[in-house]
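A structural walkthrough
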Amino acid sequence: MRKTIQPLLGIGMLMCLFFSCTSEKQEEVQLTSKNPLLQEWQGPYGGVPAFDKMQLKDLQGAIEEGMAMKLKEIDIIANNSDAPTFENTIIPMEKSGAALDRAFTYYGIWRSNVSSPELREIAKALAPKISDYSSKIKQNEKLFKRIKAVYEASQKEPLEDEAQRIVELIYTGFVMDGADLDAEKKKQYAAIDKKLSSLYNSFSNNVLADEENYVVYLKKDQLSGLPESFVKSAAKTAEEKGHAGEYAITNTRSSMEPFLMYSDERDLRKQVWTNYIKRGDNRDEHDNNKIIAEILQLRNERVALLGYDNYATWRLQNRMAKTPENAMDLMEKVWVASTARVKEEVADMQKVADQRGDKITIEPWDYRYYAEKVRKAKYDLDSDEVKQYLQLEKLREAMFFVAGELFNFQFRALEEGKVPVFHEDVRVWEVSDKTSGDVIGLWYLDPYARKGKRSGAWATTYRSFTSYEGKKIVLASNNSNFIKPAPGEVSLVSWSDAETFFHEFGHALHFLSANVKYPTSNSGVRDYTEFQSQLLERWLSTDKVINGFLTHQKTGEPMPKSLVKKIEAAASFNQGFNTTEYLASALMDMKYHTVDPTGIDPVKFEKETLTALGMPKEIVMRHRSTQFGHVFSGEGYAAAYYGYLWADVLTSDAAEVFANAPKGFYDKEVADKLVKYLFAPRNAIDPAKAYKLFRGRDARIEALMRDRGFPTK
Ligand SMILES: [Zn+2]
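Predicted model only: the values in this text are computed from it and were never measured.

**Examining the overall build of the chain**
Secondary structure summary: the chain contains 28 helices and 8 strands in total. What you see for the chain is a C-alpha radius of gyration of 26 Å, in line with the 27 Å of a compact globule of 713 residues. By the burial criterion, 55% of the 713 residues in the chain qualify as buried. Taking as baseline every contact in the chain between residues at least 6 positions apart, the subset at least 24 positions apart corresponds to 76%. When the accessible surface of the chain is split by element, carbon and sulfur atoms take 51% of a total near 31,700 Å².

Have a look at this one:
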């Protein structure tokens, strides 16, 4: 999993600097609580989180008190009798909630890094309270009136650029959430939201039920083709489910994918595949079709209250794509190439099947199986051989080297105990500017898997950069789940894990290089925030990294060119399948949110839409409608699933600028532009504008097509 956790709402300290306290008197809410999780951070680097004082018993109280404090601060802003200005409304909003933000930092650590059953109980109790708290801010009419007044004044007489930008972001955010509606419509809006949240919950429970209820148990003579490690874990799962002596294929992606890839039993492949794609679509009590229809209807009603024709138009207004048409246009262009590639892939696989005398026509449950046969024949990569060149600590040094070349950063390990950490595995580095020596931030690394840590890899900040109250020292973190090596042993990782390590470091560099005044400028734009991190992955296979850091653990020799070439060639393998199954879901998401959903029957709609698109019969959507949790178990990716492709287009297009520069990926001129326009401004500049400043034009899709091995015409 690749995910960035952004702090909830603003970050700020209750300190008097610059604007607000000089000319106008601003009341402040004093921290009276003794709760350790709310206290100002002490120690070096402008204060650091007191991870050594974290006790679960303080958590719930800290969040509750923190929220109460923030609401008091918001009330003071809302009830100010002076005419609304940027200084007496927006600035104090940016500053508010400092104590709560500190509590949320600890809460984030508990949830992601050191979770426990007790923590999950607390989280359950806190969820509705946090949701109430945020609606109280969003629905504060007096507050919104002031924001609106500041916004309207700024439309006549613009503020300086960054102030203007955050006023627009804040105002748009409130309006999108219904703050500008009259009382009657506000009530309707809230009622719809309430219904939606219960439907989201039912949707995901239904998918979960179908994942748990459809397990295929195999006998010993049905294991042909399956890798030993897979068989072992299937046996263990069967035993846990009371089927000792059998092998359980559960109805989840992590079980389905390897089974379809390796099992020689075609009928069983069909059965496992069918169970998987039918999740939520079995016409029983866990069927999601009716729920989808209701969700779409309610979303449309809700945005209609705000004057929008459809949900997607409302959703995309503050995204880089801006309109559903722009997102659609991109997807349709790539779709033509990816479906054409599917035809070639199917022909390749059919040939393999025929040569083996398998007497079959490729069906959806055969795709992964024969693709694996083709892959082995075409690019036989020995993953163990690759691993010998990928030492975790060397990779970290490589990342520091890249950060030094592109960002002029220097990393220095802190001696143990200099700043508190939440687990003995966590190490901390000081990040400074190579030229000036100025300290920029700290980088916390929590590299290893352990019980209570969530899976995947992610990046986060404990404190982001802002300058409106004086320059803040950034506290950034990277978290992964590498296997902890035995003492004295070297940690070796796979190529894709190495890419992910670079990816997350890209997020950290995005935090560390921020040069913005206000907390709101650190907010993310969903179809843009993955771009910077994806781009950084490209430095893993640059010559300087390979020769200096991808060295064999025993011989110290750099990874051979031939091996690198093999890895790169394998990267565009099966892109017809991967791109098409993803795009089918992304296109469907956008279609659902641009049509009139009255009386929609999702199964029928899905079928008709795919037929109209010319969906290859050998592939199904990566997430069929009735199991598309990104879109229907919440709103996070609703009308937003296209975002992965959007960020990929930027990544490929930007990488080509480096590839074609005089000094390649280490070209100083391009690197300077990269930092200046695409990293440092975060959300202080409209991303589309920022990209144009870097590139001299909008991003084009040709580079992405080349990267995926598609024709560009
Ligand atoms: Zn990411």
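**Re unusual backbone geometry**
The backbone phi angle of Tyr 45 is positive, close to 60°, even though this residue is not glycine. With respect to the element layout, Tyr 45 can be found in the loop between α1 (20-23) and α2 (59-78). Residue classification places Tyr 45 among the buried residues on the basis of a relative accessible area of 10%.

**Overview of the nonpolar core**
Within soluble globular proteins, side chains that are nonpolar generally end up buried alongside one another. Trp 443, Phe 502, Phe 505, Met 559 and Leu 678 are the most contacted members of the largest nonpolar core, which has 145 residues in total. If one sorts the elements of this core by residue count, helix α14 (residues 324-355) sits on top with 12 residues. Excluding anything up to four places from it in sequence, Met 559 contacts Val 386, Tyr 389, Leu 390, Trp 495, Ile 546, Leu 550, Val 564 and Ile 567. Ile 63, Ile 91, Ile 109 and Val 167 belong to the second-largest nonpolar core, a separate cluster that totals 61 residues.

**A look at the coordination of the zinc ion**
His 503 (NE2), His 507 (NE2) and Glu 530 (OE) make up the full set of protein donors to the zinc ion, lying at 2.1 Å. The sequence pattern formed by the donor residues of the zinc ion is H-x3-H-x22-E. A residue pair is termed long-range when its members are at least 10 positions apart, and His 503 in helix α18 (residues 495-512) and Glu 530 in helix α19 (residues 529-536) qualify at 27 residues.

**As for the pattern of salt bridges**
One pass over the structure, following the stated rule, counts 42 salt bridges. Across the salt bridge formed by Asp 180 and Lys 148, the nearest N and O atoms sit 3.1 Å from each other. Of the two residues, Asp 180 is situated in the loop between α7 (161-176) and α8 (183-213) and Lys 148 in helix α6 (residues 141-156); the sequence distance between them amounts to 32 residues. Classification of Asp 180 by relative accessible area gives partly exposed; the value is 35%. Given a relative accessible area of 24%, Lys 148 falls into the partly exposed group. A salt bridge links Lys 561 to Asp 543; the shortest N-O distance between them is 3.1 Å. Residue Lys 561 is found in helix α21 (residues 561-571), and its partner Asp 543 is found in helix α20 (residues 543-549); the two are separated by 18 residues along the sequence.

**Brief notes about α2**
The terminal C-alpha atoms of α2, which comprises 20 residues, lie 28 Å apart, in line with the 28 Å expected from a rise of 1.5 Å per residue. Every buried residue of α2 is accounted for by Leu 59, Ala 62, Ile 63, Gly 66, Met 67, Met 69, Lys 70, Leu 71, Glu 73, Ile 74, Ile 77 and Ala 78. Turning to α2, the residues buried within the fold contact α3 (86-95), α4 (98-112), α5 (117-138) and α6.

**A few points about helix α12 (residues 289-305)**
Under the 1.5 Å per step criterion, the end-to-end length of α12 is 25 Å for 17 residues, consistent within 8% with the ideal 24 Å. Taken across its 17 residues, α12 has 12 buried, putting it largely inside the fold. Within α12, the full set of buried residues consists of Asn 289, Ile 291, Ile 292, Ala 293, Ile 295, Leu 296, Leu 298, Arg 299, Asn 300, Arg 302, Val 303 and Leu 305. Where α12 is buried, its residues contact α8, α13 (311-316), α22 (575-592), α23 (602-613) and α24 (629-632). At the exit of α12 stands Gly 307, carrying a positive phi of roughly 90°.

**Things to note about the pairing of strand β8 (residues 474-482)**
Along any regular strand, the residues point their side chains to alternate faces of the sheet. Among the 9 residues that make up β8, 8 are buried, leaving the element largely enclosed by the rest of the structure. Two elements, strand β6 (residues 439-448) and β8, share 7 bridges in a ladder whose sense is parallel. Bridge assignment links Asp 446 to a residue of β8, and that residue is Asn 479. Two elements, strand β7 (residues 457-463) and β8, share 5 bridges in a ladder whose sense is antiparallel. Residue pairing in the sheet places Arg 463 in a bridge with Leu 475 of β8.

**A closer look at the packing of aromatic side chains**
Aromatic ring pairs are defined here through the distance separating the ring centres and the angle between the ring planes. Within the structure shown, the criterion is met by 44 aromatic pairs. Ring geometry for Phe 400 versus Phe 411: centroids 4.0 Å apart, planes at 10°, classification stacked. Residue Phe 400 is found in helix α17 (residues 392-407), and its partner Phe 411 is found in strand β4 (residues 409-413); the two are separated by 11 residues along the sequence. Of the residues examined, Phe 400 reaches a relative accessible area of 12% and is grouped as buried. Through pairs of rings, three or more aromatic residues link up here, namely Phe 51, Tyr 106, Phe 422, Tyr 444 and Tyr 462. In this arrangement the basic side chain of Arg 454 is found over the ring face of Trp 458, its NZ or CZ atom lying 4.2 Å from the centre.

**Overview of the side chain of Arg 450**
In this fold, Arg 450 is placed in the loop between β6 and β7. Arg 450 has contacts with Asn 113, Val 114, Phe 422, His 423, Asp 425 and Asn 481, leaving out every residue within four places of it along the chain.

**Focus: the packing of α6 against α7**
Viewed as axis vectors pointing N to C, α6 and α7 meet at an angle of 135°, and their least axial separation amounts to 10 Å. One element, α6, and the other, α7, form an angle in the oblique class. In terms of crossing hand, the pair formed by α6 and α7 is left-handed. Facing Leu 143, Phe 144, Ile 147, Lys 148, Val 150, Tyr 151, Ser 154 and Gln 155 of α6, the residues of α7 in contact are Gln 164, Val 167, Glu 168, Ile 170, Tyr 171, Phe 174 and Val 175. Here the residues of the contact of α6 with α7 sort into 10 nonpolar, 3 polar and 2 charged.

The rules behind each value
- Residues numbered from 1 in each chain as written.
- Predicted model: local features only at pLDDT ≥ 70, side-chain atom pairs only at ≥ 80, totals over all residues.
- Heavy atoms only, no water.
- Helix = DSSP H or I, 4+ residues; strand = E, 2+ residues; numbered from the N terminus.
- Rg over C-alpha atoms; globule rule 2.2 N^0.38 Å.
- Buried < 20%, exposed > 50% of the residue type's maximum accessible area, 1.4 Å probe, protein only.
- Contact = heavy atoms within 4.5 Å.
- Areas by Shrake-Rupley, 256 points an atom, 1.4 Å probe, with all protein chains shown as cover.
- Core = buried A, V, L, I, M, F, W, Y, C linked by side-chain atoms within 4.5 Å.
- Donors = N, O, S within 2.8 Å, 3.2 Å for Na, K, Ca; no water.
- Salt bridge = Lys/Arg side-chain N within 4 Å of Asp/Glu carboxyl O.
- Expected span 1.5 Å × (residues − 1).
- Pairing = 2+ DSSP bridges.
- Phe/Tyr/Trp six-rings, centres within 6.5 Å; stacked < 30°, edge-to-face > 60°.
- Lys NZ or Arg CZ within 6 Å of the ring centre and 35° of its normal.
- Axes fitted to C-alpha atoms, helices over the stretch in contact; angles between N-to-C directions.
- Parallel < 35°, antiparallel > 145°, perpendicular 65-115°, else oblique.
- Left-handed = near helix turned anticlockwise from the far one by under 90°.
- Nonpolar A, V, L, I, M, F, W, Y, C, P; charged D, E, K, R; others polar.

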